[in-house]
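Spelled out, the chains give:
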Amino acid sequence: MSVRPVRLLPIALIGACLVAASPAIAKTHGRSGQSAQGRSASTLTWRGDVTVAHGVVTDVAQAWQRAGHGRIELQTFNTASGLDAVRTGTADLAGAARGASGSPQEAGLTFTPVAWDGLVMVTHPSNPVSSLTLPQLHDIYYGRITNWSQVGGRNEPIDLYAVASPADGVEFSLRKLLFGRGTQPVAAPRLYVNTSKLQEGITLDPKGLGATTLSNVVGNPKMKMIRINGVAPSTSTVANGSYPLFTQLYLITNSSSPKAAQAQAFVDFVNSDAAEAVIRRHGLVPYRDGATLASMDASRRARILAEVGARPVPSTPATTPISAPGATYASQVARAPTSERTLAARQALDARRAREAEARAAAAAAAARPSLARVSGEATTVETSADGRFAKVSSTAYGTTPKGARSYKVSRGDTLSSIARKHAVDVADLRRWNHLRSDSVKPGQVLVVGPR
């Protein structure tokens, strides 16, 4: 996949992705260049994904500090950046919603499980689909199912969202359950730098579908969690194993770090009685409480693969980083773990992508004067480097106003959502077409609502 460097938009986007600071813990965002020698001896630097930060580290770090052990500098971004920082010594600890992948870049790193969480599929609350089977979920990610009507919903395309890096903990864990390997390419053209940004996208898109974790979204009315095989994700269904998509959360350390002993002490503290009480408040199951889950894990994985018609593959790292889900089916076909029933789906997906590429080329050729006027940008971090780090950023530009647009005058009581429903368009499109910075509209305001 070719990747074009972007100068300004990705910097703004990535900066916006980072979580706001908490007064009790020192937090820096996107800063990984600080050397271990330059940090205070009593300070540990943690860097990793949003899930582990929200569910485990933030509040436990406050308890650690209150106990007199020192400060935790929290750098919340994503899995790949955390693993890279611990490997290079610019962080003492990392967090991920997956275990070791077998990649050479992870040699020397120790993955310690600290909690159990649920991998959950989320959609917009207005979406009538409330349940999916495991085979349906497998086929959605593989590109065999592309319309909500195929799973009992409206006749609308499924906007499948994913985190850009296949090393992301949520994506890796879900794909390993559904396909037998965490680096399986999937048909998810909408990519985000982490689960926080993915969730924001879901709240704006009635056709959206994406994966996150139970601890990230429990109690959030702006998203609907999908039942899997009829079982709703909850702390209790994760704890007893009836919800099939449970996963472990990990803290990662480096034994060669100058602060290895202090980092391990924090890991031990997370697995202590005091910290486990904090973890439970976030809807997580402390790792020591999940002995039943650990014992059933292997049989659970085999059962899921059998149910979706896939087979396990050896846990060897991919020779080429997968930067865009669905874009590398041709090169990966010899190693695809799915059964014969998905070969037709692969061919159909390749044909559809070829038609879309032709349509884009025709549209580009028809444009009389290419320009950046009236264009908005969306950037995603893409893993392209040989060592598995986030190396480049690509951007996609979209025309902001449909040609020959029709307009609508806002009436009293109208909202952006009601206007979108009335004209059968997305809220995100209304914001983009009208250059709106928020969902607020005023009576008398004239909005572009679509083509004539």
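Conventions and cut-offs
- Residues numbered from 1 in each chain as written.
- Predicted model: local features only at pLDDT ≥ 70, side-chain atom pairs only at ≥ 80, totals over all residues.
- Heavy atoms only, no water.
- Helix = DSSP H or I, 4+ residues; strand = E, 2+ residues; numbered from the N terminus.
- Buried < 20%, exposed > 50% of the residue type's maximum accessible area, 1.4 Å probe, protein only.
- Contact = heavy atoms within 4.5 Å.
- Polar contact = N/O pair within 3.5 Å; in protein donor to acceptor, adjacent residues only side chain to side chain.
- Lys, Arg positive; Asp, Glu negative; His and termini not counted.
- Salt bridge = Lys/Arg side-chain N within 4 Å of Asp/Glu carboxyl O.
- Axes fitted to C-alpha atoms, helices over the stretch in contact; angles between N-to-C directions.
- Nonpolar A, V, L, I, M, F, W, Y, C, P; charged D, E, K, R; others polar.
- Pairing = 2+ DSSP bridges.

Quick one: what's the story with the environment of Val446, residue by residue and with numbers?
Along the chain, Val446 turns up in strand S16 (residues 446–451). The class for Val446 is exposed, based on a relative accessible area of 53%. C-alpha separation for the pair Val446 and Asn434, spaced 12 residues apart in sequence, amounts to 9.1 Å. Other than its neighbours up to four places away in sequence, Val446 contacts Ser407, Tyr408, Lys409 and Asn434.

Describe in detail the side chain of Thr58, supporting the description with residues and values.
Along the polypeptide, Thr58 turns up in helix H2 (residues 50–66). At a separation of 2.8 Å, a polar atom in the side chain of Thr58 contacts the main-chain carbonyl oxygen of Ala53.

Can you explain the side chain of Lys224? Please cite residues and give values.
Note that Lys224 resides in strand S9 (residues 224–225). With no salt bridge to any partner, buried Lys224 finds its closest opposite charge in Glu156, at an N-O distance of 11 Å. Of note is the side chain of Lys224, whose polar atom sits 2.3 Å from the backbone oxygen of Asn127. Once you skip the residues sitting within four places of it in the chain, Lys224 turns out to touch Met121, Val122, Thr123, His124, Pro125, Asn127, Pro128, Val129 and Ser130.

A description of the packing of helix H5 (residues 169–179) against helix H11 (residues 291–308) should follow, citing residues and the corresponding values.
The interhelical angle for the contact between H5 and H11, taken along N-to-C directions, is 65 degrees, at an axis separation of 7 Å. Here Lys176, Leu177, Leu178 and Phe179 of H5 lie close against H11, whose contacting residues are Arg300, Arg301, Ile304, Leu305 and Val308. Of the residues that constitute the contact of H5 with H11, the class distribution is 6 nonpolar, no polar and 3 charged.

Could you give an account of the pairing of strand S11 (residues 246–254), naming the residues involved and the relevant values?
Burial within S11 is extensive, with 9 of its 9 residues counted as buried. Alternating positions in S11 separate into two faces, Phe246, Gln248, Tyr250, Ile252 and Asn254 on one and Thr247, Leu249, Leu251 and Thr253 on the other, with burial throughout. In terms of strand pairing, strand S3 (residues 93–96) meets S11 through 3 bridges, oriented antiparallel. Within S11, the position partnered with Gly95 by the bridge is Leu251. When strand S4 (residues 109–123) meets S11, the two strands line up antiparallel, connected through 9 bridges.

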